[in-house]
Number of protein chains: 2
Amino acid sequence: MNNTHNKTGFARAHTNIALVKYWGKSDEDLILPTNDSISLTLRDFYTDTEVTFEKNIKKNKLWINGSRVDDSKLLRVNRVIDLVKKKFKINQFASIKSVNHVPTSAGLASSASAMAALSGAAWKAATDLAPDLRELSKIARIGSGSASRSIYGGFVRWHRGIDHDTSFATPIPTKNFDDLRIITVVVNSAAKKILSTNGMKSVAQTSPFFDSWVQQANQDVTKMISALEIGDFDKLGMIAEQNAMLMHSTTLSANPAFTYFEPATLQIINIVHHLREDGIHCYFTIDAGPNVKIICQQNSVTSIKNKLQQDFKQDQIIETQVGPGITFSKIEGNHD
Amino acid sequence: MNNTHNKTGFARAHTNIALVKYWGKSDEDLILPTNDSISLTLRDFYTDTEVTFEKNIKKNKLWINGSRVDDSKLLRVNRVIDLVKKKFKINQFASIKSVNHVPTSAGLASSASAMAALSGAAWKAATDLAPDLRELSKIARIGSGSASRSIYGGFVRWHRGIDHDTSFATPIPTKNFDDLRIITVVVNSAAKKILSTNGMKSVAQTSPFFDSWVQQANQDVTKMISALEIGDFDKLGMIAEQNAMLMHSTTLSANPAFTYFEPATLQIINIVHHLREDGIHCYFTIDAGPNVKIICQQNSVTSIKNKLQQDFKQDQIIETQVGPGITFSKIEGNHD
């Protein structure tokens, strides 16, 4: 029993965007996806989390950005903490303090970085054993599917697996992507009408296209890995853009049909197409929301921003680049 | 040989919108569709056409709204005329005068009404035999797939068939739809960037979802016929709306992906959803273009127009209702 040390664990994890989307679960409880997915970890958006297992509390307690979160909203947090407690035979509850460095206006999901950081901090609070990243990826997955990928930096593959033990992320060997840039265009920072978890469930249950989506997405993973291995930026961009469109295609085919696109989403898609016609190498991807992420290289950033600024405000345009994996020391953790 | 009578044939045919879409060909030359489709013929949009087989001309000549059309653009017109000439052993060329009563701003395809009227007028110019509507439907199909449906009024089914002789439209028995109204909201009256014929070809060749689309569309036809037979307006609307979304879903799944939606298209989709939440029974359908057609009943027209007028100009909002089939007499033909 390692249940009286009151040690505090710390972790910083960065959020990610999917280049081949996670869209559909084969197991709702274990959060096993129907298809493999590939993500890119982002430098400027991350979550810092501290966890302490404490003797004198009777349930887990969470503070985000200094504010106590209602206990009824800790469902996913409790699942992660329970897993760590079980693994290391802890019988105390956790006090959790989390700070999100994902600008609320960015319209980026913070659940990936939050659940990854929570897993890492809980591990460090529970044991002196060095964190096993593959194990952490599985634990994070139980909190939020895409969090499994935020354990690693750079390009990451989430292997769908067939049970808890086989569904985890691994880093992908790549070259030539140091100058890759992601420009997020924020269309709407309001909460989504249809949460991604509900959207993918509706699609999986009602779309006549779902089985073909799964098949195609798994093929896209293979193609993307080859593009990453040879360092082919345009191939990466084309596969990511097509895969995003395919995912959004499935929402229109659900019953009832729905879409995450808003008018400005289409406007940005058109801008990217026009930029490409003008010889600027850029592509887009869109998660389960209206905001668009433009994938480009450093030498195109200025042209793209100039074009976007004709229609969007400066604070709707956020640039970032490839980010690192999870870290466990407050000092080492200051990447930026 | 019936080749010296210089008789003029006249026909008026109305355009139609598809409630279950025609989207994909199994034979490009014969224009055989991959799935059955269902349309509604529209009262206020039609084409008047006169055809005369003339001794002293050496090729077909076409005037639209009084202006001579370049001979290089008569490909589809020549196909229709050739078919009629072959059928009735005519060896003269045709002089064709066509007037489109489809407001150019309406953003509605006029090829359906144009090719249907051309077929009827050519038949009347060629022979004194009373027109056989099923034959006319096949001839019109050779000019433009959706024209096969414009031979009949009201609700029409195009049977996909397996060859020229089995691919034609028939009227569908219905009840309770006299108060049905269609409100077209014109987003963009400019020519389409991707013609529907090219769009459907790209989808059929590249979308992993195409086979499922065909299967689902054929099921939608069966469901729609049952809704029409029992006179269930809401069922009609729901099936039409889902089918339209499914068709547009396939464009996002093509490679390269594309969409006919423009920002305002999504705006109108949202308006329809909000109207429905407010208890107004209305649904939308969208053809291979950005304009939205709202399907409703007479008693909802005022509420819907009032709502639309908050965002769109009066001349972008065009109301019509169920229209008649092809007619062959100039006097009888004055429906409006």
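In this text, all values refer to a predicted model and were calculated from it rather than measured experimentally.

Turning to the environment of I64 of chain B, a few remarks are in order. Residues and elements named next belong to chain B. Relative to the helices and strands, I64 resides in strand 5 (residues 61–64). By relative accessible area, I64 is classed as partly exposed at 32%. The spatial distance from the C-alpha of I64 to the C-alpha of K235 is 39 Å, given a sequence separation of 171 residues. Look past the residues within four positions of I64 in its chain and what remains in contact with it is V69, S98 and N100.

Further remarks concern the sheet that holds strand 13 (residues 317–321) of chain A. Residue and element names in this part refer to chain A. Taken in spatial order, the four strands line up as 11-12-10-13 in an open sheet, and their pairing is antiparallel. Every interior strand has two partners, whereas the edge strands, strand 11 (283–286) and strand 13, have only one. For this sheet the average axis-to-axis angle between neighbouring strands, irrespective of direction, equals 25°. Where strand 10 (residues 180–185) and strand 12 (residues 292–297) come together, six bridges link them in antiparallel fashion. Bridged to I182 within strand 12 is I295. Against the sheet, helix 6 (residues 233–252) touches strand 10, strand 11 and strand 12, its axis set at about 35° to strand 11. Packed on one face of the sheet, helix 7 (residues 263–277) meets strand 10, strand 11 and strand 12 and runs near 160° to strand 11.

It is worth spelling out the domain arrangement of chain A at this point. Many structure descriptions define interface size as the accessible area lost when the parts assemble. Residues and elements named next belong to chain A. Entries for chain A in the domain assignment read domain 1 (8–171) and domain 2 (180–321). Each of domain 1 and domain 2 has a C-alpha centre, and the two are 24 Å apart. Taken residue by residue, the interface counts 29 residues in domain 1 and 40 residues in domain 2. Carbon and sulfur atoms supply 67% of the area buried between domain 1 and domain 2, which totals about 2800 Å² over both sides. It is L19, K21 and W23 in domain 1 that bury the most area against domain 2; as a group they hold 30% of the surface buried on that side. Counting the contacts that link domain 1 with domain 2 gives one salt bridge. On the surface where domain 1 and domain 2 come into contact, there are eleven residue pairs in polar contact (both at pLDDT 80 or more). Elements with a contribution of two residues or more to the side of domain 1 that touches domain 2: strand 1 (8–20), strand 4 (37–54) and strand 8 (155–159). It is strand 4 that contributes the most residues to the side of domain 1 that touches domain 2, eight residues altogether. Its residues assigned to classes, the side of domain 1 that touches domain 2 shows 13 nonpolar, eight polar and eight charged.

Here the focus is unusual backbone geometry. With an omega of 0°, the peptide bond running from N255 of chain A to P256 of chain A counts as cis. Its location among the elements puts P256 of chain A in the loop between helix 6 and helix 7. The phi dihedral of N176 of chain A is positive, around 70°, even though this residue is not glycine. By secondary structure assignment, the location of N176 of chain A is in the loop between strand 9 (168–171) and strand 10. For K89 of chain B, which is not glycine, the phi dihedral falls at a positive 50°. Examined against the element boundaries, K89 of chain B turns out to sit in the loop between helix 1 (75–87) and strand 7 (93–101).

With 25 residues of chain B at the contact, the number on the chain A side is 25 residues. Taken as a group, F209, L252 and L266 of chain B account for 29% of the area that chain B buries against chain A, more than any other trio of residues on that side. On inspection of chain B and its partner chain A, the count reaches zero salt bridges. Between chain B and chain A we count seven residue pairs in polar contact (both at pLDDT 80 or more) in total. Of all the elements in the fold, those that place two or more residues in the side of chain B that touches chain A are helix 5 (210–230), helix 6 (233–252) and helix 7 (263–277) of chain B. Take the side of chain B that touches chain A: its biggest share by element is seven residues, from helix 6 of chain B. Class assignment for the residues of the side of chain B that touches chain A results in twelve nonpolar, eleven polar and two charged.

Residue and element names in this part refer to chain B. Most of helix 3 (residues 133–143) sits out of view: nine of its eleven residues are buried. Taken as a whole, helix 3 has its buried residues at E135, L136, S137, K138, I139, A140, R141, I142 and G143. Looking at the packing, one finds that the buried side of helix 3 touches strand 3 (32–33), helix 1, helix 2 (111–126), strand 8 (155–159) and strand 9 (168–171). The N-terminus of helix 3 is capped by D132, whose side-chain oxygen sits 2.9 Å from the backbone nitrogen of R134.

Our next topic: the pattern of salt bridges. Residue and element names in this part refer to chain A. This structure, assessed with the given rule, holds 34 salt bridges over all chains. Measuring nitrogen to oxygen at the nearest pair gives 2.6 Å for the salt bridge that ties K21 to D287. Within this pair, whereas K21 is found in the loop between strand 1 and strand 2 (25–27), its partner D287 is found in the loop between strand 11 and strand 12, the two being separated by 266 residues in sequence. Residue classification places K21 among the buried residues on the basis of a relative accessible area of 1%. The exposure class of D287 is partly exposed, given its relative accessible area of 21%. We note a salt bridge from D36 to R160, for which the minimum N-O separation is 2.8 Å.

This part is about helix 7 of chain A. For helix 7 of chain A, built from 15 residues, the straight-helix expectation of 21 Å at 1.5 Å per residue is met to within 8% by its first-to-last C-alpha distance of 22 Å. Considered for burial, the residues of helix 7 of chain A that qualify are A264, T265, L266, I268, I269, I271, V272 and L275 of chain A. In this structure, the buried side of helix 7 of chain A is in contact with strand 10, helix 6, strand 11, strand 12 and helix 8 (301–308) of chain A together with helix 7 of chain B. Just downstream of helix 7 of chain A lies G279 of chain A, where phi reads positive at about 90°.

Each value, and the rule that gives it
- Residue positions are counted from 1 within each chain, in the order its sequence is given.
- The order in which chains are written sets their letters, starting at A; the order in which ligands are written sets their numbers, starting at 1.
- The predicted origin of the model limits local features to residues at a pLDDT of at least 70 and limits the giving and counting of side-chain atom pairs to 80 or more, whereas totals for whole chains, interfaces and linings rest on all residues.
- Side-chain numbers come from the whole structure's heavy atoms, not from hydrogens or water.
- Strands are runs of DSSP state E lasting at least 2 residues, helices are runs of H or I lasting at least 4, and numbering of each runs from the N terminus.
- For the exposure calls, accessible area comes from a 1.4 Å probe over protein chains only, and a residue counts as buried if that area is under 20% of its type's maximum, exposed if over 50%, partly exposed in between.
- Two residues qualify as a contact provided that any one of their heavy atoms is within 4.5 Å of a heavy atom in the partner residue.
- Two strands are said to pair when DSSP picks up at least two bridges between them.
- Where helices are involved, their axes are fitted lines through C-alpha atoms of the stretch in contact, as for all axes, and angles between N-to-C directions lie from 0 to 180°.
- Residue ranges labeled as domains rest on an automatic or database domain assignment.
- By buried area we mean how much accessible surface two parts lose on assembly, using a 1.4 Å probe and totalling the loss over both.
- Salt bridge, as used here, is a side-chain nitrogen of Lys or Arg placed within 4 Å of a carboxyl oxygen of Asp or Glu.
- Any N or O atom pair separated by 3.5 Å or less is treated as a polar contact, with the protein-specific requirement of one donor-capable and one acceptor-capable atom, and with residues adjacent in sequence counted only for side-chain atom pairs.
- Residue classes follow a fixed rule: Ala, Val, Leu, Ile, Met, Phe, Trp, Tyr, Cys and Pro count as nonpolar, while Asp, Glu, Lys and Arg count as charged, and any other residue, Gly among them, counts as polar.
- For a helix, the expected span equals 1.5 Å multiplied by the number of residues minus one.

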